[in-house]
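Chain residues, written in single-letter form:
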Amino acid sequence: MNCKIREWKITDKESLALLLNNKKILDNLRDGIPWPYTQKDAEDFIAAMLAADKTKTFAFAITADEEVIGSIGVFRGENIHCRTAEMGYYLGEAYWGKGFGTSAVRQICTYVFENTDIIRIFAEPFAFNTASCRVLEKAGFQMEGILRSNAVKNGAVQDMKMYALVK
């Protein structure tokens, strides 16, 4: 399957809603995503990404053979961190372990580094999310440290790992 990132389309709302109605995916993401996730939630998210400041938000659908299989975004920091950006992503469960995440991460990093003045992209996966950590490592990110007791997810205090890729 051919993995590509592309700009979101409102017509992606059905595919996005189907992908995010999976507790296994939500357990690896930050809180704030509605459950259950409806087509209206998906439409609102896509509209927000399309309307976002294109110098600060780089949000794309991850596709395989033109079908939406996930989401990836890089978000510019503020003030002294204005040349640093945080990345987040997820894939539908059926697409885990097939190289799509690594491909999408490489594509978005190349896009951001070639089209902006951003010099550092970082990600903070939960330490228990070994698959996401592996995606980052395969894409060339370096683990810079463990953020101990950095978050509360599903009622449990969790460590997170800090990964970064520098231009």
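One can find the structure itself at the top, above this paragraph.
Source: prediction; values computed, not measured.

Scoring rules and cut-offs
- Residues numbered from 1 in each chain as written.
- Predicted model: local features only at pLDDT ≥ 70, side-chain atom pairs only at ≥ 80, totals over all residues.
- Heavy atoms only, no water.
- Core = buried A, V, L, I, M, F, W, Y, C linked by side-chain atoms within 4.5 Å.
- Buried < 20%, exposed > 50% of the residue type's maximum accessible area, 1.4 Å probe, protein only.
- Helix = DSSP H or I, 4+ residues; strand = E, 2+ residues; numbered from the N terminus.
- Contact = heavy atoms within 4.5 Å.
- Disulfide = S-S within 2.5 Å.
- Pairing = 2+ DSSP bridges.
- Axes fitted to C-alpha atoms, helices over the stretch in contact; angles between N-to-C directions.
- Parallel < 35°, antiparallel > 145°, perpendicular 65-115°, else oblique.
- Left-handed = near helix turned anticlockwise from the far one by under 90°.
- Nonpolar A, V, L, I, M, F, W, Y, C, P; charged D, E, K, R; others polar.
- Salt bridge = Lys/Arg side-chain N within 4 Å of Asp/Glu carboxyl O.

Take the nonpolar core next. I72, M87, V105, I108, I121 and F141 are the most contacted members of the largest nonpolar core, which totals 31 residues. Listing elements by their share of this core, those giving two or more residues are β1 (3–6), β2 (57–64), β3 (67–76), β4 (84–91), α4 (100–115), β5 (120–123), α5 (130–138) and β7 (156–166). The greatest single-element share of this core, amounting to seven residues, is contributed by α4. The residues contacting I121, other than those within four sequence positions of it, are V74, A85, M87, C109, V112, F113, F141, Y163, A164 and L165. Judged by nonpolar contacts, the second largest core, of 16 residues, contains I46, A59, A61 and Y90.

On to the state of the cysteines. Disulfides are covalent bonds that connect the sulfur atoms of two cysteines. According to the stated counting rule, one finds zero disulfides in the structure shown. With no disulfide partner, C3 has as its closest neighbouring cysteine sulfur the one in C109, 13 Å distant. Not part of a disulfide, C133 finds its nearest cysteine sulfur in C109, a span of 15 Å. A residue is classified by how much of its surface remains accessible, and C133, at 3% relative accessible area, is buried.

This part covers the sheet that holds strand β6 (residues 142–153). Read across the sheet, seven strands follow the order β1-β2-β3-β4-β5-β7-β6 without closing on themselves; strand pairing throughout is mixed. This sheet does not close on itself; its edge strands, each paired only once, are β1 and β6. The sheet shows a mean angle of 25° between the axes of neighbouring strands, direction not considered. Two strands pair when backbone bridges link them, and β2 and β3 are joined in this way by eight bridges, in the antiparallel orientation. Its bridge partner being in β3, I62 is matched across the sheet by G70. Its contacts with the sheet place helix α1 (residues 13–20) against β3 and β4, and it is angled at close to 85° to β3.

Axis angle and axis distance: for two packed helices, these are the angle between their axes and the distance between the axes, and together they describe the pair. Where α1 meets helix α3 (residues 39–51), the axes come as close as 8 Å, and the angle between the chain directions of the two elements is 115°. Taken together, the axes of α1 and α3 are roughly perpendicular relative to one another. Here α1 and α3 pass one another in a crossing that is right-handed. Judged by residue contacts, K13, E14, L16 and A17 of α1 engage Q39, A42, E43, F45 and I46 from α3. In the contact of α1 with α3, the residues fall into five nonpolar, one polar and three charged.

Attention now moves to unusual backbone geometry. In this structure, the amide linkage connecting W35 to the following residue, P36, adopts the cis form with an omega of -5°. Within the secondary structure, P36 sits in the loop between α2 (23–26) and α3. Here N79, not a glycine, exhibits a phi torsion of approximately 55°, which is positive. Tracing the backbone shows N79 in the loop between β3 and β4. Classification of N79 as exposed rests on a relative accessible area of 65%. Here the phi dihedral of N154 falls at roughly 50°; this positive angle occurs in a residue that is not glycine.

Per the counting criterion, the structure on display carries 13 salt bridges. In this structure, K153 and D31 form a salt bridge, with 2.7 Å as the shortest nitrogen-oxygen distance. With K153 in strand β6 and D31 in the loop between α2 and α3, the pair connects residues that are 122 residues apart, well separated along the chain. According to the relative accessible area criterion, K153 is buried, its value standing at 7%. Each of R30, E86 and E124 takes part in salt bridges that share partners, so that together they form one network.

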